Amino acid sequence: MFGRDPWGGPLEISNADSATDDDRSRDLDRAALMRQLDETQQSWLLAGPGDQAGKKKKKYVDLGCVVLDRKIFMWTVGTILGLGVFIGFIMMIVKLVPHKRPPPPPPDQYTQALHKALMFFNAQRSGPLPKHNGVSWRGNSCMKDGLSDSTVRRSLVGGFYDAGDAIKFNYPMAWSMTMLSWSVIEYKAKYEAIGELDHIKEIIKWGTDYILKTFNSSADIIDRIVAQVGIGDTSKGGSQPNDHYCWMRPEDIDYKRPVTECHSCSDLASEMAASLAAASIVFKDSKTYSDKLVKGAKALYKFGRTQRGRYSPNGSDQAIFYNSTSYWDEFVWGGAWMYFATGNNSYLTVATAPGMAKHAGAFWFGSPNYGVFTWDDKLPGAQVLLSRLRLFLSPGYPYEEILRTFHNQTDNVMCSYLPVFNSFNFTKGGLIQLNHGGPQPLQYAVNAAFLASLYSDYLESADTPGWYCGPNFYTTEVLRKFARSQLDYILGKNPLKMSYVVGFGNKYPKRPHHRGASIPHNGVKYGCKGGFKWRETKKANPNILIGAMVAGPDRHDGFKDIRTNYNYTEPTLAANAGLVAALISIADIPTGRYSIDKNTIFSAIPPMFPTPPPPPSAWKP
């Protein structure tokens, strides 16, 4: 056998050789010494293996792919470790030292106005006021409502006064509660973020508690409901004290307040049903109260559907102040809310019946009031509400055809709000004239602003960037721009540089048409005619009616701050409800979520499709 000689040349190794390993090693050493060695080989022989390894270990560090000088390596490692300890020490100090966080940005003007607008409802409360009501010049009032009427003989204490008088009109009051509830359902996170959720829920409950008193809410079938408490007709002359003839604080009222009941009032009953149904979703975390509201809503809607008729017959007090033109729109509006509150498809069937839509005016495209959302015409709001159902749940047959129609018509209504289409006139200052130049325009403008802002949120939440007006596509920001323009006008961006919300801004109406705000809170009781001097004075109201949106300017952007002219200076419950809804919808309030709550409104609706069967059990041999 031959092996390789490390010094060059062959080396014969015999397997049969019996020499020991030591002998073979000595032979190799002798053989090596017999050859001439170069300097490198001689150095290897002079220095033993142990000495060479020791020198390399002291001078170098072998990192595998790189050999470094040992001193440089140790210095580098030490430097890195030192820097790490230093940085860790600095970070520990930074964490332990208390930080001074920058203050949050101030709320935008819409949020500021919203806080004030909600206070108006506190000023309009009737009955025993809570201690935290926050309106120092208001007190308990009309504590015998209903009990003093010989035909009723039950308590109707509570609720809200409608405007600058002390009448409780149930028709606009119920609509106001529906609007507030709708805004809470959609924008609960926003209300919570600004600390107003408990406040607005308390306002809604104050209204729904009263509505439950106006009929037999414990019964499944009813035959009458209260339409109004108090009376305001002064057209017949005479000096009979009533809520419009007298100018006195609600706390001082000592005249009779008659109660008006109705036995066939589909519009009123359906609106009251809508208010209770919407509120039941707001209070769904309180099952007992929510169920009570649903029960009352069912009785009201059934009564409205079976006892057909308008609540405001010709010549009645209701017809003079809050006349209802039809009850078909309330059937659609109330049916939609009943469906969301109960999940019962029979209500959706009513709301989406083609004949119902036709009677409600869904196809009256040439009507000058088409698309104008008010306390009287709920169809535009109902169409937006049912478009929501189509966008997010899409129930399909047999509802799809009319839901698609409502969705398309909602698109058309949104187009009509844009100045470019000339569907409605605008003042030179930019206020839309949805009532065609008539008085008290602001209540219509805020409702349109709310629908536009809300619909834009619906589209965005459904991943839809906009909508079509004919062949033209418009983004959702166009709708928000319209909504902001109307609210900006109301809050002071107008030719008069005046805010039409009392207490907001530096310049606002000082003489709202409001009895309680105009009479000093001085402990002196003024009779029916005793307050006339306060009505006629040109002085500013002694009590500031915080958050009240007055009726508004004329079609030329003009405004007269005159107490006796209610077409300029009177605030109303319904108008402020629309204002609150519009403000919360457009306010820039970061919540870390969608702008709207996509799911809560559908919480009572069962799954659209049957539950799939469970998977088969695992196969066993």
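Here is what the cut-offs are and how they apply
Residues numbered from 1 in each chain as written. Predicted model: local features only at pLDDT ≥ 70, side-chain atom pairs only at ≥ 80, totals over all residues. Heavy atoms only, no water. UniProt positions renumbered as here; feature names shortened; annotations may be inferred. Helix = DSSP H or I, 4+ residues; strand = E, 2+ residues; numbered from the N terminus. Buried < 20%, exposed > 50% of the residue type's maximum accessible area, 1.4 Å probe, protein only. Contact = heavy atoms within 4.5 Å. Areas by Shrake-Rupley, 256 points an atom, 1.4 Å probe, with all protein chains shown as cover. Disulfide = S-S within 2.5 Å. Salt bridge = Lys/Arg side-chain N within 4 Å of Asp/Glu carboxyl O. Pairing = 2+ DSSP bridges. Phe/Tyr/Trp six-rings, centres within 6.5 Å; stacked < 30°, edge-to-face > 60°. Core = buried A, V, L, I, M, F, W, Y, C linked by side-chain atoms within 4.5 Å. Polar contact = N/O pair within 3.5 Å; in protein donor to acceptor, adjacent residues only side chain to side chain.

As annotated in an unreviewed UniProt entry, the protein chain carries the name Endoglucanase and comes from Urochloa decumbens. The Catalytic activity (unreviewed entry) comment attached to the protein chain in UniProt states, word for word, "Endohydrolysis of (1->4)-beta-D-glucosidic linkages in cellulose, lichenin and cereal beta-D-glucans." As stated in UniProt under Sequence similarities (unreviewed entry), the record for the protein chain gives "Belongs to the glycosyl hydrolase 9 (cellulase E) family."

Attention now goes to the overall build of the protein chain. If you tally the helices and strands in the protein chain, you get 21 helices and nine strands. With 621 residues in all, the protein chain has 51% of them scored as buried. Across the protein chain, contacts joining residues at least 24 apart in sequence account for 71% of those joining residues at least 6 apart. A total of about 30,700 Å² of accessible surface is found on the protein chain, and carbon and sulfur atoms cover 57% of it.

Every disulfide links exactly two cysteines, by a covalent bond between their sulfur atoms. Per the stated rule, a full pass over the model turns up three disulfides. Shown here is the disulfide that connects Cys262 with Cys265, its sulfur atoms set 2.0 Å apart. Sign of the S-S torsion, about 70° for the bond between Cys262 and Cys265, identifies this disulfide as right-handed. For the protein chain, the disulfide bridges join cysteines in the arrangement 1-6, 2-3, 4-5, where the cysteines are counted in sequence order.

On to the pattern of salt bridges. Tallied over the full model, the rule gives 24 salt bridges. When the shortest N-O distance is used, the salt bridge between Arg388 and Glu186 registers 2.8 Å. Placement of the pair is Arg388 in helix α14 (residues 379-392) and Glu186 in helix α6 (residues 170-193), with a sequence separation of 202 residues. Across the pair, Glu186 and Arg388 agree in class, each one buried. Among the salt bridges present, the one from Arg257 reaches Asp243, with a minimum N-O distance of 2.9 Å. Residue Arg257 is located in the loop between β6 (225-229) and β7 (259-262), and its partner Asp243 is located in the loop between β6 and β7; the two are separated by 14 residues in the primary sequence. Residue Arg257 shares its accessibility class with Asp243, and that shared class is buried. Linked through salt bridges whose partners overlap, the residues forming this network are Asp145, Lys168, Asp243 and Arg257.

Okay, the sheet that holds strand β5 (residues 168-169) next. The strand order across the open sheet built from three strands is β5-β6-β7, with neighbouring strands paired in antiparallel fashion. A strand with exactly one partner marks an edge of an open sheet, and here the two such strands are β5 and β7. Pairing of β6 with β7, which is carried by four bridges, proceeds in the antiparallel orientation. For Val226, the partnering residue across the bridge sits in β7 and is Glu261.

Counting across every chain of the model gives 32 aromatic pairs. With 5.7 Å between their ring centres and 65° between their planes, Trp182 and Trp333 make a pair best called edge-to-face. Of this pair, Trp182 sits in helix α6 while Trp333 is found in helix α11 (residues 328-342), placing the two residues 151 residues apart along the sequence. For the pair formed by Trp182 and Trp333, the shared burial category is buried. For the pair Tyr417 and Phe482, a centre-to-centre distance of 5.3 Å together with 15° between the ring planes defines the contact as stacked.

Attention now moves to the environment of Gly558. Summarising the element assignment, Gly558 is placed in the loop between α19 (532-536) and α20 (566-569). C-alpha separation for the pair Gly558 and Pro495, spaced 63 residues apart in sequence, amounts to 8.5 Å. In this structure, Gly558 is in contact with Leu496, Pro553 and Tyr568, ignoring residues within four places of it in sequence.

Glancing now at the pairing of strand β9 (residues 472-475). For strand β8 (residues 466-469) and β9, the ladder comprises four bridges, and the chain directions are antiparallel. Each residue of the ladder has a partner; that of Trp467, found in β9, is Tyr474. Hairpin connection between β8 and β9: a loop of two residues separates the two successive antiparallel strands, and Gly470 in this loop has a positive phi of roughly 65°.

This paragraph deals with the nonpolar core. Within the largest apolar cluster, 162 residues are counted, with the highest numbers of intra-cluster contacts made by Trp182, Ile225, Trp337, Phe340 and Tyr417. Among the elements that take part in this core, helix α16 (residues 442-461) stands out by supplying 13 residues, more than any other. Once you skip the residues sitting within four places of it in the chain, Phe340 turns out to touch Ile281, Leu385, Leu389, Ile601, Phe602, Ala604 and Ile605. Membership of the second largest hydrophobic core comes to nine residues, among which are Ala166, Cys246, Ile253 and Tyr255.

Next up on the list: the UniProt feature "active site" (unreviewed entry) in the protein chain. When the UniProt feature table is mapped onto this chain, "active site" (unreviewed entry) is found at His513, Asp561 and Glu570. Spanning 58 residues, the named residues form one tight spatial group whose C-alpha atoms are at most 10.2 Å apart. Structurally, the position occupied by His513 is in the loop between α17 (476-490) and α18 (515-518). You can call His513 buried: its relative accessible area is 10%. Apart from residues no more than four positions distant in its own chain, His513 is found in contact with Gly164, Trp247, Arg563, Thr564, Tyr566, Thr569, Glu570 and Pro571. At 2.7 Å, the side chain of His513 and the backbone oxygen of Arg563 are in polar contact. Note on placement: Asp561 falls in the loop between α19 and α20. A residue is classified by how much of its surface remains accessible, and Asp561, at 19% relative accessible area, is buried. Aside from chain neighbours lying at most four places away, what touches Asp561 is Pro509, Lys510, Arg511 and Thr569. A polar contact is formed between the side chain of Asp561 and the backbone nitrogen of Lys510, at a distance of 2.8 Å.

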